[in-house]
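# Coordinate inspection notes
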Amino acid sequence: KRQLQYIGLKITINNNKWFYMLFKNIKLEKGIKSMQERNVFDILEERGYVKQTIDKENLVKLLGKEHIPFYIGIDPTADSLHVGHFVSLMVSSYMQKSGHKPIILVGGGTATIGDPSGKTDMRRMMTREEINHNVECIKKQISKFLSFEGENGAIIVNNADWLLDLKFVDFMREIGSLFSVNKMLAAECYKNRLETGLTFFEMSYMLMQSYDFLHLYQEYGCKLEIGGNDQWSNIIGGANLIRKLGHDDAFALTFKLLTTKEGKKMGKTEKGALWLDENKVSPYEFYQYWRNIDDKDVKTVLCMLTFLPMEKINELTNVEGEKINEAKKVAAYEITKLVHGEKAAKEAEEASNSLFGSGTNTENMPSCDVEDGCTILDAIISAGFAPSKGQARTLVAQGGISINDEKISDVNYKVAKTNFQGDVILKKGKKGFCKLIIK
């Protein structure tokens, strides 16, 4: 049974077919729009994504009157996407749900150079084999977030297909001549590197990314590039290039980075980045990360990393005290479901409830193998709670390590089968858990 409220009229409908037939033939009053009819720009602004744009007024008009191809670039510097990419895919998904066509550009060509943005040194040059491997891994992950079916089905392109065959002199004469070195050096992605050293090789990155937009504009009618705000300088380069060539319908939009209230990037764990690959970060660890975020960050996370309606988000977050924990549980479940699927999300939720509630199920808890009779320091390192024996020793000395809820204060403590019956749960502080499988 569905209940809908339109202009004070409550309609109760028991059948989806009748629901479709009814509203297909009803012309709603002017100004009343369904979710599908809303301008996607308004949706993105409402959820807190939008940071900067080129020619905002005309971009909003364009997005409202026609469905356009748009693109977002991903450099294959690793064999998995991380939380930063997740935000990009969420924005792309909202765009697609509003009828626009996603073009996912995997930077097999630009990855040979490396984006200097935010880097203090030149990125290690990757081999073609490494890049190709990472591209294939990333393609599989993207397919979880975007539909590849239908008129506006997403497509994946690799800029290696057109960049690697460019002739240097021709490229510099036709494209390089349109870029001002003075303006490029004033861009954030370059000026922060001037003191430590910036190679001409890296400086060409902006030209390459800008050419990507031009290529997609010409080949696919792509009119918009989107990306994180740390890419603003590179992104406006492409839109400006197309406009210099006489076209006024090329636009740029950047979205806010996922940060805490203190301005720090989210997605950093003790083990490194919060990867979307379950072999790098288990669904349980992924769930626990979001379950343990700061109270002040819950609404941001629900807005940017879930499809929950704003009414529900406001209902969950307009609370005080411990009631915000319910919103954290919802956030952790919804985000994990999007990345790892409903089954994995439920298992992670059950494992978390078991640890922090009254349950005893440890089946889905992170685990690691340890040798029978190993020291507590070895067990801590194996569990990923510390990178070295020195730091593991500090954890023990500070009282931060326990096994089956008993504090371990002896750095020479032996983890042996004869000391336990049943599961062996290593705990770091209040939130770190690992089941030790003693071999």
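Remember, it's a predicted structure, so these values are computed and weren't measured experimentally. (Residues numbered from 1 in each chain as written. Predicted model: local features only at pLDDT ≥ 70, side-chain atom pairs only at ≥ 80, totals over all residues. Heavy atoms only, no water.)

## Let's talk about the overall build of the protein
Threshold: Secondary structure elements follow DSSP: runs of H or I no shorter than four residues count as helices, runs of E no shorter than two count as strands, and numbering proceeds from the N terminus. In this scheme, a residue with accessible area under 20% of its type's maximum is buried, one over 50% is exposed, and one in between is partly exposed, where area comes from a 1.4 Å probe on protein chains only. Two residues qualify as a contact provided that any one of their heavy atoms is within 4.5 Å of a heavy atom in the partner residue. Only the protein chains shown count as covering a residue, and every accessible area follows the Shrake-Rupley method with a 1.4 Å probe.
Each helix and strand counted, the protein has 19 helices and 17 strands in total. Split into buried and exposed, the 439 residues of the protein put 48% on the buried side. Across the protein, every contact between residues at least 6 apart in sequence was considered, and the portion connecting residues at least 24 apart equals 69%. Total accessible area on the protein stands at roughly 23100 Å², and carbon and sulfur atoms take up 48% of it.

## Topic: the packing of helix α13 (residues 283-291) against helix α16 (residues 324-340)
The test is simple: Fitting a line to C-alpha atoms yields each axis, with helices limited to the stretch in contact; the angle taken between N-to-C directions then spans 0 to 180 degrees. Each crossing is labelled by how the near helix is turned from the far one, with a counterclockwise turn of less than a right angle marking it left-handed and a clockwise turn marking it right-handed. Three categories are distinguished: nonpolar for Ala, Val, Leu, Ile, Met, Phe, Trp, Tyr, Cys and Pro, charged for Asp, Glu, Lys and Arg, and polar for the others, with Gly belonging to the last.
Where α13 meets α16, the closest approach of the two axes is 8 Å, and the angle between their N-to-C directions is 145°. Here α13 and α16 pass one another in a crossing that is right-handed. Packed against α13, whose contacting residues are P283, F286, Y287, W290 and R291, the element α16 presents N325, K328, K329, A332, Y333, I335, T336, V339 and H340 at the interface. Considering only residue class, the contact of α13 with α16 consists of eight nonpolar, three polar and three charged.

## Let's talk about the nonpolar core
Basically, it comes down to this: Residues belong to a common nonpolar core when they are buried Ala, Val, Leu, Ile, Met, Phe, Trp, Tyr or Cys residues joined through side-chain atoms within 4.5 Å.
Formed by 63 residues in total, the largest nonpolar core has its most connected members in Y49, L224, F286, W290 and L305. With near-sequence residues (within four places) excluded, F286 lies in contact with V83, L274, W275, L276, V281, I335, T336, V339 and H340. If you look at the next biggest cluster of nonpolar residues, it comprises 31 residues, including W162, F171, I235 and A239.

## Here's the deal with the state of the cysteines
For clarity, the threshold we go by: Only a pair of cysteine sulfur atoms within 2.5 Å counts as a disulfide in this structure description.
One pass over the structure, following the stated rule, counts zero disulfides. In this structure C374 is a free cysteine whose sulfur lies 8.5 Å from that of C368, the closest cysteine sulfur available. According to the relative accessible area criterion, C374 is buried, its value standing at 11%.

## As for the pattern of salt bridges
Going by this rule: Every case where a carboxyl oxygen of Asp or Glu lies within 4 Å of a side-chain nitrogen of Lys or Arg is listed as a salt bridge.
Under the definition given, this model contains 15 salt bridges. For E45, the salt bridge is made with K56, and the minimal N-O distance between the two is 3.1 Å. Taken together, the positions of E45 in helix α2 (residues 40-46) and K56 in helix α3 (residues 56-65) put the pair 11 residues apart, joining distant regions of the chain. Among the residues examined, E45 registers a relative accessible area of 37% and is labelled partly exposed.

## Observations regarding helix α11 (residues 205-220)
Cut-off, in case you're wondering: Helices are assigned an expected span. That span is 1.5 Å times one less than the residue count.
Here α11 spans 22 Å end to end across 16 residues, near enough to the 22 Å set by a 1.5 Å rise per residue. Counting buried positions along α11 yields 13 of 16 residues, so the element is predominantly enclosed. Taken from the residues just after α11, G221 is the one with a positive phi, measuring 70°.

## What about the sheet that holds strand β8 (residues 251-255)?
Applicable threshold: Two strands are said to pair when DSSP picks up at least two bridges between them.
With respect to topology, six strands assemble into an open sheet ordered β3-β8-β7-β4-β5-β6, the strand pairing being mixed. With partners counted over all chains shown, the strands left at the sheet margins are β3 (50-53) and β6 (155-158), one partner each. Along the sheet, successive strands turn relative to each other by an average axial angle of 25°, direction set aside. Here six bridges tie strand β4 (residues 69-74) to strand β5 (residues 101-106), and the two strands are oriented parallel to one another. Bridged to Y71 within β5 is I103. Lying on the sheet, helix α4 (residues 83-97) is in contact with β4, β5, β7 (224-228) and β8; it crosses β4 at an angle near 170°. Its contacts with the sheet put α11 on β4, β5, β6, β7 and β8, and the angle it makes with β4 is roughly 150°.

## Considerations on the packing of aromatic side chains
For the record, the criterion: Here the aromatic set is Phe, Tyr and Trp, taking the six-membered ring for Trp, and pairing holds for ring centres within 6.5 Å; pairs whose planes are under 30 degrees apart are stacked, those over 60 apart are edge-to-face, and all others are tilted. Geometrically, a lysine NZ or arginine CZ counts as sitting over a ring once it is within 6 Å of the ring centre and also within 35 degrees of the ring normal.
The full count for this structure, using the stated rule, is seven aromatic pairs. Seen from their ring centres, Y289 and W290 are 4.8 Å apart, and the 85° between their planes marks the pair as edge-to-face. Each member of the pair, Y289 together with W290, is buried. An aromatic cluster is defined as three or more aromatic residues linked by ring pairs; in this entry it consists of Y49, Y94 and F307. When the ring centre of F251 is taken as reference, the NZ or CZ atom of R243 above it lies at 5.1 Å. Above the face of the F179 ring, K244 is positioned so that its terminal group lies 5.8 Å from the ring centre.

## Description of the sheet that holds strand β17 (residues 432-438)
In spatial order, the strands read β11-β17-β16-β13-β14; together these five strands make up an open sheet with mixed pairing. Because the sheet does not close on itself, it has two edges, and the strands there are β11 (367-370) and β14 (406-407). Bridge count for strand β13 (residues 401-403) against β14 is two bridges, and the pairing is antiparallel. Counted as the bridge partner of S402 is K407 from β14.

## Some thoughts on the pairing of β4
Extensive coverage of β4 is indicated by the burial of five of its six residues. In the sheet, β4 pairs with β7 via two bridges, with the strands oriented parallel. Note that in β7 the partner of Y71 across the bridge is E225.

## A word on the confidence of the model for the protein
Applied cut-off: The pLDDT value tells you how sure the predictor is about a given residue, anywhere from 0 up to 100.
Of the residues in the protein, 85% reach a pLDDT of 70 or more, and the chain-wide mean stands at 83. Taken together, the stretch residues 1-35 has pLDDT below 50 and engages in 27 contacts with residues farther than four places along the chain or on a different chain.

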